[in-house]
Amino acid sequence: MRRLNVRKLNLGQKVAQLLMPRIDFNDPNSLTSARKLVKEYGVGGFIIFGGNISSVKKATEELQSISQIPLLFACDAERGVGQIVCESQPEAGTRMTLFPFTMSLGAIGDERLVYKQAWHIAQDMKSIGLNLLFAPVVDINTNPDNPIINIRSYGDDAGLVSRLSLAFIKGCQANGVAACAKHFPGHGGTDVDSHEDLPTLGRTLDELEQCDLIPFRNAIEVGVASIMTAHLALPTIGSGKIPATVSKKIVSETLRKRMRFQGLIITDSLRMAGINKIGDETDISRLAIEAGCDVVLDPVLPFKLIERLVKLVETGGLGESLVNKVVKRIILHKNEWLSNNSMESSRERDGQKLIAEIARRSVCTLRGGEISSKEVRIYVFDVTQSGEDRHVRFAERLTDCGVSCETVSVTPVADVPSILDNSYHGKALICLVYTSVGAWKKQWFLPEFFRNTLTRLGELPTETALISFGSPYVVRGLHSFDTVICAFDSIDECQHEVVNVLLGNARAQGVLPVRL
C-alpha cells in the first residue's frame with residue numbers, strides 16, 4: 001500500500017475518514033450505500049454485520065478496489081467471526097469459528113490458549129478481508145448484576161483480566177489484525193445496558209486507577225492498536241451526567257494525556273441509547289471528536305452526517321486543525337496496519353479443536369460433582385426464550401452414556417404442582433438454566449418464578465443437580481442442590497463436557513473467575 005498524505009485529501013475526504021458506518025448484509029440496500037460512501041465521499045471504513053463468508057469477502061474486495069484510501073473493516077468478533085458471519089459453503093474448513101463466551105477463558109486462566117484463540121480469530125478475519133477486531137473486552141465484571149458485560153468479561157479480578165487480555169491482543173496483532181480494547185474507562189461495574197440507557201458510575205479517578213484502568217494501561221504498554229470508549233457517565237470525573245465518549249476529561253485528559261495512548265480512539269455505536277439521547281448525530285460526533293475520539297462508529301445517517309460535519313468545519317463550528325490532527329492519526333494507523341491488502345492468510349483449520357479444549361477445561365464444579373442414578377428427569381429453564389430446544393444435545397449425550405431421560409420445560413406460566421409431582425422417585429433431578437448476554441436482550445438474570453421453582457426442586461428428597469449454561473451468577477442463593485456446575489456457554493461442546501463431569505467421566509478443571 002502506498003503511503004498516504006493528509007495534505008492530499010480535500011475537506012470532505014478528511015471528514016469522511018472519521019466515520020465508520022455499518023454494512024448490514026441483512027439490508028439489501030446496505031452494500032449499495034457503502035459503494036456510494038466509498039466512491040463519492042471517501043469514507044474511512046465499515047463495521048460488518050451479518051453476511052456469509054463469500055458475500056463478506058466479495059464486498060471487502062470490491063470496496064477496497066474502488067477506494068482511493070484503504071478501508072478499515074471491523075467487526076465485533078469477541079467470540080470469533082462466527083459470531084457475525086455465517087458459513088457459505090458446506091465443505092470442511094470454510095466455517096467461521098464461534099468460541100464459547102469469554103468468561104470460559106477466564107475460568108481456564110491460560111494465556112497460551114487465549115493467544116491461540118485470538119490468532120485463529122485474526123486468521124478468520126484476514127481470510128475475508130477484515131482488519132480491525134473490536135476485542136478484547138477488558139472490562140472487569142465487578143458488578144454481578146451487570147446486564148451487558150457479564151460473561152463477555154474474563155472475570156472480576158484486574159490481574160486475571162489484564163493477563164488474558166494482553167495474550168489476546170498479542171495473538172491478534174501478531175497475525176496482522178489490529179485489536180481494540182473496550183470499553184474505556186471500564187463498563188464492568190454498571191447495572192444498566194448502555195444500549196438501552198446511560199449507565200452511571202460514581203467511581204473517582206483514583207478508584208478507577210486501582211481497578212478498571214489496570215487492563216487498559218497494560219494494553220497500552222503492549223501496543224494495542226485502538227481503544228473503544230464506553231457510553232457511561234462518571235459524574236465525579238466528567239462534566240456531570242454525560243457519556244465518557246464525549247468527555248474531554250475522560251478521553252483527552254485521562255486516556256490520551258495521563259495514560260499516553262497514541263493509537264486510535266473509537267466511539268461505541270452511535271445507535272445506542274446511552275449516547276443518542278444527548279443530541280443528534282452531528283452534535284454527538286462533534287462532541288466526541290472534540291473530546292478526543294478519532295473514529296465515530298455506526299452512525300444511522302452517514303451521508304447526512306458527513307455533509308453536516310463539513311459545513312461545521314467550514315463555518316468554524318468544528319476546528320479544521322483538529323480534524324487534520326485526527327485524520328493524520330487515522331492515516332498513520334492505516335499506514336501501519338493496512339500495508340498489505342492481501343486477504344491470503346495461513347489460516348489453520350483447528351478452530352474445532354480449540355473450541356473443544358476451551359469447553360473441556362472451563363467447566364467449574366461449585367458443589368458436589370456427579371450423580372449416580374441412571375434415570376433422570378431434566379427440568380429446562382431457558383431464560384433466553386430462543387424457541388430452540390437447547391437441552392437436546394445435553395439429553396442426547398446423557399442417553400449416549402446409558403442414562404434414561406425425560407424432560408420438563410419450565411415456563412413462567414407452568415403449573416408448579418405438576419412440576420413438583422412425586423413421580424420422580426428413583427430418578428435424579430437435573431435443572432438446566434440457560435442464560436446469555438447481548439444488546440437489548442435481558443437474558444442474563446433469573447425471573448422470580450424460575451428462582452422460586454428451582455428452590456423447591458432443589459429441596460426434593462432425591463439426587464439433585466443444578467447446571468448453569470451462561471451467567472454463573474444465577475446460582476446465587478440456590479443452596480439446596482447436591483451438585484452445582486457452571487459452564488459459560490450453551491454450545492454443544494460445553495453441554496457435552498458438563499455431562500462428562502456430571503457422570504464422573506471427566507474432572508471439572510475450571511476455576512470460577514468471579515465471586516458469587
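Predicted model, so just to flag it, every value in this text is computed and none were measured.

What counts, and where the lines are drawn
Residues numbered from 1 in each chain as written. Predicted model: local features only at pLDDT ≥ 70, side-chain atom pairs only at ≥ 80, totals over all residues. Heavy atoms only, no water. Helix = DSSP H or I, 4+ residues; strand = E, 2+ residues; numbered from the N terminus. Contact = heavy atoms within 4.5 Å. Areas by Shrake-Rupley, 256 points an atom, 1.4 Å probe, with all protein chains shown as cover. Lys, Arg positive; Asp, Glu negative; His and termini not counted. Charge placed at Lys NZ, Arg CZ, Asp CG, Glu CD. pLDDT = per-residue confidence, 0-100. Pairing = 2+ DSSP bridges. Axes fitted to C-alpha atoms, helices over the stretch in contact; angles between N-to-C directions. Core = buried A, V, L, I, M, F, W, Y, C linked by side-chain atoms within 4.5 Å. Buried < 20%, exposed > 50% of the residue type's maximum accessible area, 1.4 Å probe, protein only. Salt bridge = Lys/Arg side-chain N within 4 Å of Asp/Glu carboxyl O. Right-handed = clockwise from strand over helix to strand, strands pointing away. Phe/Tyr/Trp six-rings, centres within 6.5 Å; stacked < 30°, edge-to-face > 60°. Expected span 1.5 Å × (residues − 1).

**Focus on the overall build of the protein**
Alright, step 1. Across its full length, the protein holds 18 helices and 15 strands.
Alright, step 2. Restricting the contact set of the protein to residue pairs at least 6 apart, pairs at least 24 apart contribute 80%.
Alright, step 3. Taken as a whole, the protein presents about 19,900 Å² of accessible surface, with 47% of it coming from carbon and sulfur.
Alright, step 4. The protein carries 58 positive and 59 negative side-chain charges, and their two centres are separated by 7 Å.

**Focus on the confidence of the model for the protein**
If pLDDT is low for a region, its predicted coordinates should not be looked at in detail.
Alright, step 1. Of all residues in the protein, 95% attain a pLDDT of 70 or more, and the chain-wide mean is 93.
Alright, step 2. Here residues 89-93 is modelled with pLDDT under 50, and outside its nearest four sequence neighbours on either side it reaches 6 contacts, counting other chains as well.

**Notes on the sheet that holds strand β3 (residues 45-49)**
Alright, step 1. With respect to topology, 7 strands assemble into an open sheet ordered β2-β3-β4-β5-β6-β7-β8, the strand pairing being parallel. What marks the edges here is a single partner per strand, and that holds for β2 (22-24) and β8 (264-266).
Alright, step 2. When strand β5 (residues 132-133) meets strand β6 (residues 178-184), the two strands line up parallel, connected through 2 bridges. Note on β6: the bridge partner recorded for Leu-132 is Ala-178.
Alright, step 3. Strand contacts of helix α13 (residues 320-337): β4 (72-75), β6 and β8, with the helix running at about 110° to β8, the strand carrying the most contacts.

**Focus on the nonpolar core**
Alright, step 1. Counting 144 residues, the largest nonpolar core has Phe-46, Phe-134, Phe-394 and Ile-430 as its most contacted members.
Alright, step 2. Counting residues per element, this core draws most heavily on helix α6 (residues 158-174), which supplies 9 residues.
Alright, step 3. Excluding its chain neighbours within four sequence positions, the residues that come into contact with Ile-430 are Ile-371, Val-376, Arg-377, Ile-378, Tyr-379, Phe-394, Leu-398, Ala-465, Ile-467 and Leu-502.
Alright, step 4. Core analysis: the next-biggest nonpolar cluster, separate from the first, contains 33 residues, Met-103, Tyr-379, Tyr-424 and Phe-488 among them.

**Side note on the pattern of salt bridges**
Alright, step 1. Enumeration according to the criterion identifies 28 salt bridges in this entry.
Alright, step 2. A salt bridge links Arg-35 to Glu-62, with the shortest nitrogen-to-oxygen separation between them at 2.6 Å. Remark: Glu-62 occurs in helix α3 (residues 53-66) and Arg-35 occurs in helix α2 (residues 30-41); sequence separation between them is 27 residues.
Alright, step 3. On the basis of relative accessible area, Arg-35 is assigned to the partly exposed category, the value being 29%.
Alright, step 4. Relative accessible area serves as the criterion here: at 26%, Glu-62 is assigned to the partly exposed category.

**Description of the pairing of β3**
Alright, step 1. Across the 5 residues that make up β3, a large majority, 4, are buried.
Alright, step 2. By the bridge criterion, 3 bridges tie β2 to β3 in an arrangement that is parallel. Bridge pairing links Asp-24 to Phe-49 in β3.
Alright, step 3. Taking the sense of rotation as the criterion, the β-α-β connection linking β2, α2 and β3 turns out right-handed.
Alright, step 4. Sheet analysis places β3 next to β4, joined by 3 bridges and oriented parallel. Directly across from Gly-45, in β4, lies its bridge partner Leu-72.
Alright, step 5. Chirality of the crossover, the property in question, places the unit of β3, α3 and β4 among those that are right-handed.

**A few points about the sheet that holds strand β10 (residues 364-367)**
Alright, step 1. If you trace the 6 strands from one edge of the open sheet to the other, you get β10-β15-β14-β13-β11-β12, paired in mixed fashion. Each edge of the open sheet carries a strand with a single partner, namely β10 and β12 (404-410). Each strand of the sheet is rotated relative to its neighbour by a mean of 20°, with strand direction disregarded.

**Remarks on the packing of aromatic side chains**
Alright, step 1. This structure, assessed with the given rule, holds 9 aromatic pairs.
Alright, step 2. When the ring of Phe-184 is compared with that of Phe-216, the centres are 5.1 Å apart and the planes differ by 85°; the resulting orientation is edge-to-face. With Phe-184 in strand β6 and Phe-216 in helix α8 (residues 213-221), the pair connects residues that are 32 residues apart, well separated along the chain.
Alright, step 3. Judged by its relative accessible area of 0%, Phe-184 falls in the buried class.
Alright, step 4. Their ring planes at 85° and their centres at 5.2 Å tell us that Phe-381 and Phe-450 sit as a pair that is edge-to-face. In this pair, Phe-381 is assigned in strand β11 (residues 375-382) and Phe-450 in helix α17 (residues 448-458), connecting sequence segments 69 residues apart. Of the two residues, Phe-381 and Phe-450, neither departs from the other in class, the shared state being buried.
Alright, step 5. Ring pairs connect the aromatic residues Phe-381, Phe-449 and Phe-450, which therefore count as one cluster.

**Describing helix α14 (residues 351-362)**
Residues spaced three or four apart along an α-helix point in a common direction, a consequence of the helix completing one turn every 3.6 residues.
Alright, step 1. End to end, α14 covers 16 Å across 12 residues, agreeing with the expected 16 Å (1.5 Å per residue, within 8%).
Alright, step 2. For α14, the set of buried residues is Gly-351, Leu-354, Ile-355, Glu-357, Ile-358, Ala-359, Arg-361 and Ser-362.
Alright, step 3. Structurally, α14 contributes buried residues whose contacts are with α4 (103-108), α5 (111-127), β10, β15 (483-487) and α18 (492-502).

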